[in-house]
Amino acid sequence: MSWKHACLGVLVAAMLAPSIADAQQRRIITGRITEAVTNEAVPGATVIVKGTDDGTITEQDGSFSIPNVPVGQDITLSITSASHQTKEIVVAADQNGLRVELALAGAEEVVVIGRAPQVFRKNLANGAAVVQAEALNDVPAGNITDALVGKVSGANIQSNSGAPGGGNQISLRGISTVQGRSAPLYVIDGVIVSDVSVANGANIVTQASGGSNASNQDNPVNRIADLTPGDIENIEVLKGAAAAALYGSKASAGVIIITTKRGRSDKTRVQIKQSVGFAQASNTLGARQWNSREEVVDAFCSGEAAGCTQADLFFGRNFNHEKEITQVKPSTETSISISGGTPKTKYLISTSVRDEAGVVIGSGYEKQNLRLALDQDFGDRFRLSVSTNIIHSDTARSLTNNDNASVSHYMVFASTPGFIDLRPFEDGTFPANPFVPSQTNPLQTVELAQINEDVWRGIASVSGNLKVFSNPMHLVNVTANIGLDRFQQRNDLIFPRELLFEPGDGLPGTVVNGTTEVRSINYGINAIHQFTPTSAKWKAATTAGFFYDEFERNTNNIFAQGLTAGLELSGSGVSVQAPQFRVEERDQGFVLQEEVALLDERLTVLAAGLADRSSVNGDSDALSFYPKVSATYRVPLEGIEEITLVRPRLAYGETGNKPGFGDRFGSLVGGNSIGGIGGIGASGRAPNPEIKPERQREIEGGVDLSAFDGRLVLELTLYQKNVSDLILDRVLAPSTGFTVQADNLGSLRNRGAEILLQATPVRTANLQWLSRITFSHNSAVITQLDVPAFEDGGFGAAVGTFRIDEGDPACQIVGNLRVDPDDPLSDRVQVGNCEPDFRVSFVNDLKVGPFTLHTLLDWQQGSEAVNLTLLLYDLAANSSDFLEEGMDRTAAWAGGADITPYVEDASFLKVREVSLSYDLPKPVLEQIGFLSNAQIKASGRNLLTITPYSGLDPEVSNFGNQPIGRNIDVAPYPPSRSFWFSLEAGF
Amino acid sequence: MTNKSHKFVFVSLAALLLAAPACYEDVPNLNGLDFDAVEEEPTPQLIDELAVGLLIGHRAGKGAANGYVAQLGIVGRESFNFDPADPRFRSELLEGQLQGGSPAFGGNFWNLPYRNVKNAFTLLGSLETVAGLSDAEKNVIRGYAQTFIALEFLSLITTRDENGIAIDVNREITAELAPIVTKDQAFDEIERLLQLGCENLGGCPSGDVSPVATAPFTFQLGSGFAGFDTPETFVTFNRAIAARVFAYREKWTEAQVALDQSFLDASNPEPDFKLGAYHIFGTGSGDTSNNLSSVNIYAQPAAVTAAEAGDDRAARKLVHFSDLDEETGGTVQSGDNTYTSDYRFAEFQEPTSPIAIIRQEELFLLQAEVHIGNSDLDAARDTLNIVRTGSGKLAPYGDFANAGAAIDAMLYERRYSLLFEGGHRWVDMRRYEKLDELLADDQNPNMINTSFPIPDDEINARQ
């Protein structure tokens, strides 16, 4: 097939499947639709037998199948796809298989929603990072971040712990900030949705923030976890400023654009999926095995047996306390979607219910979700699209992470020897644990303590697209959208009086009632003019727009301690604290974008600019300007049969990262009292009326190659991302009365590379093997610092912390190290880096007839973590290898003189996803009659971890999501592996 | 599409684009009051809130499990904190050099007092512009604020000692930092502020200065200052602090004058030792509870064994943990088994247990110290015996052989009278150059820290 032919379009090619004619004089037409230029599959295209209602939608691989086509006559197929030119093809009476190539849409109708999206989408200048629905749902995942792991190059996705219900961090292309907002911006169908993490308030019993790091250590869920992976059509990831410039001062950490599934004008379809599974703890730490009474006397009583009460507790047994708090319980997930419509009206209703059991007793995650998407055309000019989504989730967390009250599970296990029996007595009460001051018995804690998080969330969007004017040369569209995201998170924490640690503060019984309400509203209008001259040698699109975003958060917590016996109400507390915290941010901006496609659309050039302002800036009226330019060129390949695409690309863009709410204010805080009399006092933060957004400048370049009929695809991207005006807390001399002031104080640089290599070594009708490797590397360095080097995150040099210093890696871990063994004083040196050397994911999909085997391996090489959990075990002479190694480790650590024994390599290779599915063959389906598709699948997530790291999981963050400051391991929730068995059927 | 509808669309588009900026507006500080607003347009009510804020600010960190009382108690070998999560309670406070890096281990004893000094200067600044208060009302609030600045400087120099502190700190945030001055200069400033405060409160009569006009406080001081909550009585608190300062400086004459003007009832053979000013704690909303009841806080064994048989103070203040609560039986040990203790502090077992700022028992002991300083050992013996028999329920001392014996006796009485009340043991042994003796009390003798370093944050900001 010649290149020219492909460009011209109408082609009928190789037969893909044998024809099957049935007894009732009906035939099945099967085929595959690809893009004319790139040979990429075109999923979601509508194929209709002209003059009838028979039709279908193409699958992910572009294939389609239309049964019940009359034999003995020619028919015409009408093929429409949003981003391509519509095409009609005549299928001869004796032809049952075909292959169709679609040309890209020219001045065709393209519905664009959101902030000035690119119109000429098939020539994007940034390394493509679109994940399709199918890839997200290979293995059931509780939240989209879990589902995205390993599927986007340049995205470093790490979980903070193994707790069900979420708590994941996505870092796109390295480190975009040091102390600023570090979460990507999430945009769903044009709605900016909140990803805030709200602390659940467990700190009141753990007192974790009362120690040497005042940050939250409650292991919070970041709320993007509320989204249901099954509702998503695709996810587009804008990794840096070059792609995300048009999201302005909210896009520094990247933008994740999620498009949800919508109805298609098709016959009514019902899709049902049912999964059952279970999760089990995939790792335990183990503890010292105590073999004799003498050993106990040695360890606990310095060898003096007389009066050694600990030795009296030794009965020659060793319990596995870790195992005693874990469980294996069934998990289920059910989802149903109904879709359909007419050419003018399309709808989709979907609902799902997930009930996931955690591996620690008492923990789990439940989510219910109801979604409605509706598209209505009014005449030929106006389309209204509405979608609403109601989500309810109920998460039961566990008492994990650092504490200063000896209550969290692994904090207690660290100093609790295995020989003591913690199991309940016959009357159901639990023995006190004499090895921690708090007496905490974790077996009791998991039974009695409740840490619940109940979220109701509504996300709604309305968008309209008006075709103002249209002729062969001009097309003017106006799109407008309004988005609303509203959720209420209720944290109900109950620590009844009976808990052994509860009397510790003199106020037995603790209840936390926390309510956080978040509302974000955004709206925008874009006017788009597309111009195609009669020569059609080039075309242009101009977009002008305006947007306004508003975010509000209001957190009310009631902490009640000293409860009336049996009454677990905040009102029954002797001590009641009710702090409130509010955030309100308003942003506004303007967008202008020009795209030009030249040289028969081989060259696409884009220039755009955005100006925005925000109420959180010191000068809330000042506009910040963020430009963007890019170019891509499709190299002509006349006469080269094997290579189908060579496309170099170059892009530059800028984004910002606006200051946090409150950075510009220094304040006197009220709400304090002494003996019932109120007073106010300074908070320690100094005002900064000059604070402005951080600015990121990114240049990226790369090349896309496609060869052998699309069976080999290679994408290479190099980028450099500089961030200046870093917002840092300038540490003030405390003698001023202030301790910190936010200010624009430094710069950092990321350099990195991303490679995607996809091969389809085998592609026959019955055997298909697709293999994809993504590689990403990033290295972040602090290039400039206007304040002295400082330490941040962590708990201090004696136990490992992070140090920001000019010329040093942005995420270096420093600690004390005794460089000269004779010198009692330690030096503070770099002992690690939280940034991995590289990350690789390796996907293999093997289709043999109706069977599909999918595997995803995720490899992180390099990066270090500080294993403070191990330190705590060692200090208590209780680590599993204490006699062999632990004793030497603590001796070397010497009270904080040398942290290196506890800095460990956090490289890992994880088998993230494995699934084996069986699709019922079409003939079988037809015999059944009412089924259009059916699949049986067995799958597993996080099945195997290979790592030199000795802790529970090398993916760990005591402080939750942090731009830097992850990789501190203190008593985390243990990791799990999950197994699922699913049945899916379409009607 | 007709021309008319074209126009309609474009006009409505233009209107939307123009109207849109109207919804954008600034957002004020939602979680606190701005300094500018407080200093420029203060109200009498705001003045009262700022004044009460000084009580709250002075209390900050005092009752924390890793706070002033708790950590100075560890350094002075009165107490332990067995928090298994933080080895630095032993590695820094008992066995190694204190480091300047962490707010939790010394930094807060610098940051929090200066924050309250800032509060006091904000109050003093607001007094200049407030309308609706009489000069007399302003005078006593000034005296009150100056007393608190002096108290904060005193707690600063207590932890920093020879390292010095900054005193001239009422500056713009952009101004050059106040220099670090010597311990002597710091004490001079504390004396000056206490004197100034005393005068503004209507006290400290001297020949050549006529007393200022005074009026009652416009704000409440709460139950912690019961008996000291009017300008006339608050002066006696101010003078009690002055007496402590003069005694620390061995200015015996001035100390005697200050004691005479304080609330010391020297002629009373059975005084109320508990009379004094206190940090009070509460469980009400916005209040702070006393966390010295933390299950991690224990008394060092020497505090038990060094007590003379029958010393009622030890019996009152120290309690075997098994006697505390039936639920908390068992054996309790530190994380690594080097340090052990069975005793906790009985007076701080409630979240509302108050902590003394200064009370009459200390004033008697200061009086005895002044007598020793004046070489009046008989008077010293008599004064010490009031405390020893009254508070300790012990047999009275006979004649002291020499000043050294009197000092040792005085230090013993101070040890148990002021046990775990704010680092008195450590401060006393330091000023009498007997810190080494503390090592004898140690289960694992290593070293004694003599002072907390100036925090790294302060040092770095000065480079």
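Data block above holds the structure.
Rules used throughout
Residues numbered from 1 in each chain as written. Chains lettered and ligands numbered in written order. Predicted model: local features only at pLDDT ≥ 70, side-chain atom pairs only at ≥ 80, totals over all residues. Heavy atoms only, no water. Helix = DSSP H or I, 4+ residues; strand = E, 2+ residues; numbered from the N terminus. Buried < 20%, exposed > 50% of the residue type's maximum accessible area, 1.4 Å probe, protein only. Contact = heavy atoms within 4.5 Å. Lys, Arg positive; Asp, Glu negative; His and termini not counted. Charge placed at Lys NZ, Arg CZ, Asp CG, Glu CD. Buried area = accessible area lost by both parts, 1.4 Å probe. Salt bridge = Lys/Arg side-chain N within 4 Å of Asp/Glu carboxyl O. Polar contact = N/O pair within 3.5 Å; in protein donor to acceptor, adjacent residues only side chain to side chain. Nonpolar A, V, L, I, M, F, W, Y, C, P; charged D, E, K, R; others polar. Pairing = 2+ DSSP bridges. Patch = residues over 30% accessible without salt bridge, like charges linked within 9 Å, V, L, I, M, F, W, Y side chains within 5 Å. Areas by Shrake-Rupley, 256 points an atom, 1.4 Å probe, with all protein chains shown as cover. Phe/Tyr/Trp six-rings, centres within 6.5 Å; stacked < 30°, edge-to-face > 60°. Lys NZ or Arg CZ within 6 Å of the ring centre and 35° of its normal. Disulfide = S-S within 2.5 Å.

Chemist: It is not clear to me how the overall build of chain A should be interpreted in this structure. Could you clarify?
Modeler: Secondary structure assignment for chain A yields 12 helices and 48 strands. In terms of principal-axis extent, the alpha carbons of chain A reach across some 100 × 65 × 60 Å. Within chain A, the fraction of its 987 residues that count as buried is 59%. Here the contacts in chain A between residues at least 6 apart in sequence split such that 70% fall between residues at least 24 apart. A distance of 8 Å separates the average location of the 79 positive side-chain charges in chain A from that of its 112 negative side-chain charges.

Chemist: Sorry if this is basic, but what is going on with the interface of chain B and chain A here?
Modeler: Many structure descriptions define interface size as the accessible area lost when the parts assemble. Listed by partner, the interface residues are 83 residues for chain B and 93 residues for chain A. Summed over both partners, the interface of chain B with chain A comes to about 7500 Å²; 59% of that surface belongs to carbon and sulfur atoms. Of the charged contacts, one joins R664 of chain A and D26 of chain B as a salt bridge, the two residues approaching to 2.9 Å between their closest N and O atoms. If you look at where chain B meets chain A, you find 26 residue pairs in polar contact (both at pLDDT 80 or more). Elements represented by at least two residues in the side of chain B that touches chain A include exactly α1 (3–19), β1 (33–34), α2 (35–40), α3 (44–59), α5 (88–91), α6 (108–129) and α18 (456–461) of chain B. Class assignment for the residues of the side of chain B that touches chain A results in 37 nonpolar, 28 polar and 18 charged.

Chemist: How do you make sense of the side chain of N402 of chain A when you look at a structure like this?
Modeler: You can see N402 of chain A is positioned in the loop between β19 (382–397) and α8 (409–414). In contact with N402 of chain A, other than residues within four places in its own chain, are T206, A208, Q217, M411, F795, N958 and V970 of chain A together with A85 of chain B.

Chemist: Honestly, the pairing of strand β16 (residues 330–341) of chain A in this entry has me stumped. Any pointers?
Modeler: Each regular strand carries side chains that alternate between the two faces of the sheet. All names here are of chain A. Pairing between strand β15 (residues 269–281) and β16: 10 bridges, direction antiparallel. Its bridge partner lying in β16, G277 is registered against S331. Both β16 and strand β17 (residues 345–357) contribute to a ladder of 10 bridges, which runs antiparallel. Within β17, the residue paired with I338 across the bridge is I349. Between β16 and β17, which pair antiparallel in sequence order, lie three residues.

Chemist: Sorry, what's going on with the pattern of salt bridges here?
Modeler: Side chains that differ in charge, positive against negative, can pair when their charged atoms come close. Overall, the coordinates contain 82 salt bridges over all chains when judged by the stated rule. A salt bridge links D226 of chain A to R223 of chain A; the nearest nitrogen and oxygen atoms lie 3.0 Å apart. The pair D226 of chain A / R223 of chain A is uniform in exposure class, with both members buried. In this structure, R359 of chain B engages E421 of chain B in a salt bridge whose closest nitrogen and oxygen atoms are separated by 2.7 Å. In this pair, R359 of chain B sits in strand β9 (residues 355–359) while E421 of chain B sits in the loop between α15 (403–417) and α16 (424–431), placing the two residues 62 residues apart along the sequence. For E421 of chain B, a relative accessible area of 10% translates into the label buried.

Chemist: Please explain a nonpolar patch on the surface as it appears in this structure.
Modeler: All names here are of chain A. Where nonpolar side chains cluster on the molecular surface, the patch consists of I272, I336, I338, I349, L370, L372, I390, W456, V924, I928, F930 and F987 and spans about 990 Å² of accessible area. Within the residue set of the nonpolar patch, elements represented by two or more residues are β16, β18 (364–378) and α12 (922–928). Along the chain, the position of L370 falls in strand β18.

Chemist: In this structure, what is going on with the packing of aromatic side chains? I would like to understand it.
Modeler: Each aromatic ring pair is described using two quantities: the centre-to-centre distance and the angle formed by the ring planes. For the structure on display, the rule yields 46 aromatic pairs over all chains. Residues F109 of chain B and F452 of chain B carry aromatic rings whose centres are separated by 5.4 Å and whose planes lie at 85 degrees to one another, so their mutual orientation is edge-to-face. Taken together, the residues span a long stretch of sequence, with F109 of chain B in helix α6 and F452 of chain B in the loop between α17 (435–440) and α18 at a distance of 343 residues. An aromatic cluster of three or more residues is present, and its members are Y144, F148, F217, F219, F225, F234 and F237 of chain B. Directly above the ring of Y719 of chain A sits R173 of chain A, whose terminal nitrogen or CZ lies 4.4 Å from the centroid. Here the guanidinium or amino end of K62 of chain B rests over the ring plane of Y68 of chain B, the centre of that ring lying 5.3 Å away.

Chemist: I'm lost on the state of the cysteines in this one. Help?
Modeler: Put plainly, two cysteines are in a disulfide when a covalent bond ties their sulfur atoms together. All names here are of chain A. Under the definition given, this model contains three disulfides over all chains. One disulfide in the model links C811 with C834; its S-S distance is 1.6 Å. Disulfide C811-C834: the torsion about the S-S bond is 95 degrees, which places it as right-handed. Of this pair, C811 sits in the loop between β38 (801–804) and β39 (812–817) while C834 sits in the loop between β40 (827–833) and β41 (838–848), and the two are 23 residues apart along the sequence. Taken individually, C811 and C834 each receive the classification buried, so the pair is uniform in this respect.

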